[in-house]
Amino acid sequence: MFSDIIVFLKSLTFIDYIFFFTVVFLMVLIISLIYFIKINGKVINDTTVKNSDDLQEIATALKDLKPISFTSFEKEEEEKAIISYDELLSNTGQFELNYSNEEKNGDVLIKKVDLNNLINDKKIDAMKIDVHLMSLSREEEFLKTLKELQKILS
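In this text, all values refer to a predicted model and were calculated from it rather than measured experimentally. (Residues numbered from 1 in each chain as written. Predicted model: local features only at pLDDT ≥ 70, side-chain atom pairs only at ≥ 80, totals over all residues. Heavy atoms only, no water.)

Within the protein, the secondary structure is distributed over six helices and four strands. Counting every position in the protein, which comprises 154 residues, the buried fraction comes to 2%. Taking the contacts inside the protein whose residues are at least 6 apart along the sequence as the reference set, 21% of them involve residues at least 24 apart. Put simply, the protein shows about 15,700 Å² of open surface, and 62% of that area lies on carbon and sulfur atoms. (Helix = DSSP H or I, 4+ residues; strand = E, 2+ residues; numbered from the N terminus. Buried < 20%, exposed > 50% of the residue type's maximum accessible area, 1.4 Å probe, protein only. Contact = heavy atoms within 4.5 Å. Areas by Shrake-Rupley, 256 points an atom, 1.4 Å probe, with all protein chains shown as cover.)

So, about the packing of aromatic side chains. Throughout the structure, instances matching the rule amount to two aromatic pairs. On the basis of an interplanar angle of 70° and a centroid distance of 5.3 Å, the ring pair of Phe20 and Phe21 is categorised as edge-to-face. (Phe/Tyr/Trp six-rings, centres within 6.5 Å; stacked < 30°, edge-to-face > 60°.)

Let us now look at a nonpolar patch on the surface. On the surface, Met1, Phe2, Ile5, Phe8, Leu9, Tyr17, Phe20, Phe21, Val24 and Val28 cluster together into a nonpolar patch covering about 1,100 Å² of accessible area. Among the elements of the structure, helix H1 (2-11) and helix H2 (14-40) are those that each provide at least two residues to the nonpolar patch. The element best represented in the nonpolar patch is H2, accounting for five residues. On the basis of relative accessible area, Phe2 is assigned to the exposed category, the value being 65%. (Patch = residues over 30% accessible without salt bridge, like charges linked within 9 Å, V, L, I, M, F, W, Y side chains within 5 Å. Salt bridge = Lys/Arg side-chain N within 4 Å of Asp/Glu carboxyl O.)

The next subject is the pairing of strand S2 (residues 99-105). Of the strand pairs in this sheet, S2 and strand S3 (residues 108-113) are connected by six bridges, and their pairing is antiparallel. When the sheet's bridge partners are listed, Tyr99 is paired in S3 with Val113. The hairpin turn running from S2 into S3, its antiparallel successor, is two residues long, and Gly106 in that turn takes a positive phi close to 70°. (Pairing = 2+ DSSP bridges.)

This next bit is on a negative patch on the surface. Taken together, the side chains of Glu78, Glu79, Asp86 and Glu87 define an acidic patch exposed on the protein surface. For Asp86, the location among the structural elements is in helix H5 (residues 85-91). You can call Asp86 exposed: its relative accessible area is 57%. (Lys, Arg positive; Asp, Glu negative; His and termini not counted. Charge placed at Lys NZ, Arg CZ, Asp CG, Glu CD.)

Time to look at the confidence of the model for the protein. Confidence in the prediction of the protein, expressed as mean pLDDT, is 79, and 77% of residues score 70 or more. At the low end of the mean pLDDT range in the protein sits H5, at 69; at the high end sits H2, at 90. (pLDDT = per-residue confidence, 0-100.)

This is the structure in C-alpha cells:
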C-alpha cells in the first residue's frame, strides 16, 4: 500500500504539487475565515419594517432596539467630550439661524446668513387650530348637492 502511494507521488509533476498545495491552502484559509467570522460575529437585532411609510411601526421598531453598549474607551471619550451625545440630542431644534436678507428666485427662496448675529433661541409655540365640524344635516345636504352636480356634469 505504501509502495503504491510512493509510486503515485513520483508520477506527479511540479505543477501538480503546486496545484495540490494551493487547494489545501485555500481550504485552510476558508475554514479559518469562517471560524473568525463565527467567533467575532455579533448578531445585531435585525428589526425589519414592512411599511416604511408607517411612522407608528418605525417608532415601535426603534423602541424595541437594545441600547448600544459602549466599550470602556468610548465611555471615557464620552465623559471627556466637550458636549456629550445626550446634550447634542437634547439641544436639537432649540436654535435657529438669523438671516440678514431673503430673496425669492422663482420657486427657490435664497437666504443670506447674518454672520454677526448667527443664532437665536427658537421659540416653539403651540399651534392652535380651530376645527369646525359641519352638522350632520348640512353634510348630507352638501353630499346631495355634489351628487346632483355629478349627474348634471355626466
